Amino acid sequence: MRIKSIQIEKLFDLFNYDIPLDNPENVSLITGPNGYGKTMILNIIFNLFNRKFEFFHELKFEKITLKLEDEIKIVINNQKSKDNSSLLVAFYKNDIEFDVLLDKINYDKDGNIEVDKMGLEVFEEATIKPSEVNNVIESLKVHIIQEQRLFKEVPEYFDEDLPYYGNQVGIKNIKSVQYHSEELSKYILLIIQKSFEKTQELDSTYIDRLIDEKNIISENDYISRLKILNEKQSKLIEFGLFTNVQKNRDYSEVDAKALLVFIKDLENKLKVFDDLLTKITLFATILNERRFTHKSIKISKEKGFYFQTSKGKELKLNQLSSGEQHEVVLLYELIFNTKPNVLLLIDEPEISLHIVWQKEFLNDLITIAKLQNIQVIVATHAPAIVNGRWDLTSNLAEIAS
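The numbers attached to residues start from 1 for each chain and follow its sequence in the written order. For a predicted model such as this one, the threshold for reporting local features is a pLDDT of at least 70, and the threshold for listing and counting side-chain atom pairs is 80 or more; totals across whole chains, interfaces and linings nevertheless cover every residue. Computation of side-chain values: all heavy atoms of the structure, hydrogens and water removed.

**Q** Mind showing me how you'd approach the overall build of the chain here?
**A** Across its full length, the chain carries 13 helices and 17 strands. Of the contacts formed within the chain by residues at least 6 apart in sequence, a portion of 63% connects residues at least 24 apart. Here the Shrake-Rupley method, with its probe set to 1.4 Å, supplies the accessible areas, and only the displayed protein chains count as covering residues. For the chain, the computed accessible surface area is about 21,200 Å², with 49% contributed by carbon and sulfur atoms. A run of DSSP states H or I qualifies as a helix once it reaches four residues; a run of E qualifies as a strand once it reaches two. Both are numbered from the N-terminal end. By definition in these notes, contact holds between two residues if any of their heavy atoms fall within 4.5 Å.

Laid out in structure tokens, this is it:
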């Protein structure tokens, strides 16, 4: 499910917007001066599809309309009075209303929100039961990359070696670049374990499958498939992900059946790495093409990723500049933490980035959007991020009414 457009009436009691979000690239850019609501538009979408309706009670607006694929429409009407604030959330299919949710907050005599909230409980209960509303909300998973992304909040425990058994004592902030490096290491080790299990499974049944195999492989097919597999193995070895290289055998008609089983097995063993290898290759290629000053990124199953100087000396991740850390964290989030078929919201990707990196960002983003099959909406101040693609851009200052 994708969003085709968003219309907002009286945002901040000032602005009316009609913003198209449907284009062949599946990447939309929202620009405009400070105070026009670029970030707020991202927050509207995020909070709606994450069922955070309290957000809308604090927001000044009259009406929000989101048009989705399959002729689905969601309309949020805001009604405020001295005594209460009510949200009417209506769902339409082919312009026929099929459900309405009411979320109502009452205020006490001092204007504070009372604890008792009408309607929100009804909505929360509805999410447990199958419903058309639930299907619409859950059809669009929304992930947001915030403006502040250099630090990450993680749980803090008494015994950090045993986080699942120790007692959580609070939240601590750690560098996002360090967190993602450790996260990638865990991901790599998980895939290596899956590869080991697949290898054991195939090796244990090799004889039976060889006996049962009825087909043979031709010489041309064997050579072409083996070439692809050798290239994949070389890439895995380069990243330190694969060490158990199987010895190649020359083609022989006498062994054509056994060679077919061998090729199939090797394809299945390496297939486990496909998604990881695609993402790591893209991640490393983009960062190394950024030409970080006298340094390049390296991948390691023990460290996840790290950087090395042109003289071969390893750098600590906190030795990267703010701009370099922003670039690493942003790309990592895009490539590794954004799931297929989601709506990705990015707030101000240009922060701390060199002008050259800003100009390259949109092309990278379009590539990643196609790879991950995602829709992306970006809020940005920077003309360099747009990089000439005004066809993808809505300027709030120009379209406001």
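**Q** What is the right way to look at the packing of aromatic side chains in this model?
**A** Only rings of Phe, Tyr and Trp enter the pairing, Trp through its six-membered ring, and a pair is recorded when the two centres are within 6.5 Å. The plane angle decides the type: under 30 degrees is stacked, over 60 is edge-to-face, the rest tilted. Scanning all chains against the criterion turns up twelve aromatic pairs. Where phenylalanine 56 meets phenylalanine 61, the ring centres are 6.2 Å apart and the plane angle is 70 degrees; that geometry is what we call edge-to-face. Classification of residues uses two cut-offs on accessible area relative to the type maximum, computed with a 1.4 Å probe and protein chains only: under 20% is buried, over 50% is exposed, and between them is partly exposed. Residue classification places phenylalanine 56 among the buried positions, given a relative accessible area of 0%. Owing to a relative accessible area of 4%, phenylalanine 61 belongs among the buried residues under this scheme. Summarising the aromatic geometry, the rings of tyrosine 332 and phenylalanine 336 are spaced 4.6 Å apart at their centres and angled 25 degrees between planes, so their arrangement reads as stacked.

**Q** Quick question: what am I supposed to make of the sheet that holds strand E13 (residues 304-309) here?
**A** To summarise the sheet geometry, strands pair through backbone hydrogen bonds and adopt either a parallel or an antiparallel arrangement. Taken together, three strands build an open sheet; the order of strands is E12-E13-E14 and the sheet is antiparallel. The open sheet has two edge strands with one neighbour each: strand E12 (295-300) and strand E14 (314-315). Relative to E13, E12 runs antiparallel, the two being bridged by six bridges. Residue pairing in the sheet places serine 300 in a bridge with glycine 304 of E13. Here an axis means a line fitted to C-alpha atoms, over the contact stretch when the element is a helix, while the angle between two N-to-C directions is reported on a 0 to 180 degree scale. Strands E12 and E13 of the sheet are contacted by helix H9 (residues 274-289), whose axis makes an angle of about 165 degrees with E12. The pairing criterion for strands is at least two bridges between them, as found by DSSP.

**Q** How should the sheet that holds strand E3 (residues 27-31) be read in this particular structure?
**A** Strand order in the open sheet formed by five strands is E9-E15-E16-E3-E17, and the pairing between neighbours is parallel. Two strands close off the open sheet at either side, each with one partner strand: strand E9 (141-145) and strand E17 (393-395). Ignoring which end each strand starts from, the neighbouring axes of this sheet average 15 degrees apart. Where E3 lies against strand E16 (residues 375-379), four bridges are found, and the strand directions are parallel. Bridging across to E16, isoleucine 30 finds its partner in alanine 379. Contacts from helix H10 (residues 322-336) reach E9 and strand E15 (342-347) within the one sheet, and its direction differs from that of E9 by about 170 degrees. The sheet strands contacting helix H11 (residues 355-372) are E3, E15 and E16, and the helix crosses E3 at an angle near 145 degrees.

**Q** So what exactly am I meant to see when it comes to the nonpolar core here?
**A** Nonpolar side chains in soluble globular proteins generally cluster together in the buried interior. Nonpolar cores were defined as sets of buried Ala, Val, Leu, Ile, Met, Phe, Trp, Tyr and Cys residues, with membership established by side-chain atoms within 4.5 Å. Of all hydrophobic cores here, the largest spans 64 residues; its most connected members are Phe283, Phe305, Leu334 and Ile346. The residues contacting phenylalanine 305, other than those within four sequence positions of it, are Val177, His180, Ser181, Leu184, Phe283, Ile297, Lys298, Ile299, Leu317, Val328 and Tyr332.

**Q** Which parts of the structure should I look at to understand helix H8 (residues 256-271)?
**A** In this analysis, the expected span of each helix is defined as 1.5 Å times one less than the number of residues it contains. Compared with an ideal rise of 1.5 Å per residue, which puts 16 residues at 22 Å, H8 spans 22 Å between its outermost C-alpha atoms and is within 8% of the ideal. Every buried residue of H8 is listed here: Ala256, Leu259, Leu260, Val261, Phe262, Ile263, Asp265, Leu266, Lys269 and Leu270. Where H8 is buried, its residues meet helix H5 (176-204), helix H6 (206-212), helix H7 (219-238) and H9.

**Q** Is there a simple way to think about the pairing of E15 in this case?
**A** It is a general feature of regular strands that their side chains alternate between the two faces of the sheet. The buried fraction of E15 is high, at six of six residues. Along E15, one buried face is formed by Val342, Leu344 and Ile346 and the opposite face, lined by Leu343, Leu345 and Asp347, is buried too. Judged from the five bridges that link them, E9 and E15 form a sheet pairing that is parallel. Of the residues in E15, the one forming a bridge with histidine 143 is leucine 344. Two elements, E15 and E16, share five bridges in a ladder whose sense is parallel. Note on E16: the bridge partner recorded for leucine 343 is glutamine 375.

**Q** I would appreciate a short explanation of the environment of serine 176 in the present structure.
**A** Structurally, serine 176 is set in helix H5. Since its relative accessible area comes to 2%, serine 176 is described here as buried. Distance in space between the C-alpha atoms of serine 176 and lysine 152 is 5.3 Å, their sequence separation being 24 residues. What serine 176 contacts, discounting residues up to four positions off in sequence, is Arg149, Leu150, Phe151, Lys152 and Val329. A 3.5 Å cut-off defines polar contacts: any pair of N or O atoms within that distance qualifies, except that in protein one atom must be a possible hydrogen donor and the other a possible acceptor, and neighbouring residues in sequence count only when both atoms are side-chain atoms. Reaching out from serine 176, the side chain makes a polar contact with the backbone nitrogen of phenylalanine 151 at a distance of 3.2 Å.

**Q** Is there a simple way to think about the environment of glutamate 97 in this case?
**A** Position of glutamate 97 among the secondary structure elements: in strand E7 (residues 96-107). Take glutamate 97: its relative accessible area is 43%, and that puts it in the partly exposed class. In this structure the C-alpha to C-alpha distance between glutamate 97 and isoleucine 74, which are 23 residues apart in sequence, comes to 9.5 Å. Those residues in contact with glutamate 97, other than ones at most four positions away along the chain, are Ala90, Phe91 and Tyr92.

**Q** I tried to follow the packing of H5 against H9 on my own but got confused; where do I start?
**A** Helices that pack against each other are described as a pair by the angle of their axes relative to one another and the distance between those axes. Direction vectors running N to C along H5 and H9 enclose 145 degrees, while the axes themselves pass 10 Å from each other. Taken as a pair, H5 and H9 cross one another with a handedness that is left-handed. On H9, the residues that touch Leu184, Tyr187, Ile188 and Ile191 of H5 are Asp275, Leu276 and Ile280. In the scheme used here, Gly and all other residues not listed as nonpolar or charged are polar, with Ala, Val, Leu, Ile, Met, Phe, Trp, Tyr, Cys and Pro taken as nonpolar and Asp, Glu, Lys and Arg as charged. Looking at the contact of H5 with H9 residue by residue, the class counts come to six nonpolar, no polar and one charged. For any helix crossing, the convention is left-handed if the near helix is rotated counterclockwise from the far helix by under a right angle, and right-handed if that rotation is clockwise.

**Q** Honestly, unusual backbone geometry in this entry has me stumped. Any pointers?
**A** Excluding glycine, a negative phi dihedral is what most residues carry, and trans is how most peptide bonds are arranged. Of note in the backbone geometry, phenylalanine 12 takes a positive phi value of approximately 60 degrees without being a glycine. Looking at the secondary structure, you find phenylalanine 12 in the loop between strand E1 (3-11) and strand E2 (15-20). The phi dihedral of arginine 51 falls on the positive side, at around 60 degrees, and the residue is not glycine. Within the secondary structure, arginine 51 is located in the loop between helix H1 (38-49) and helix H2 (54-58). On the accessibility criterion, arginine 51 (26% relative accessible area) is partly exposed.

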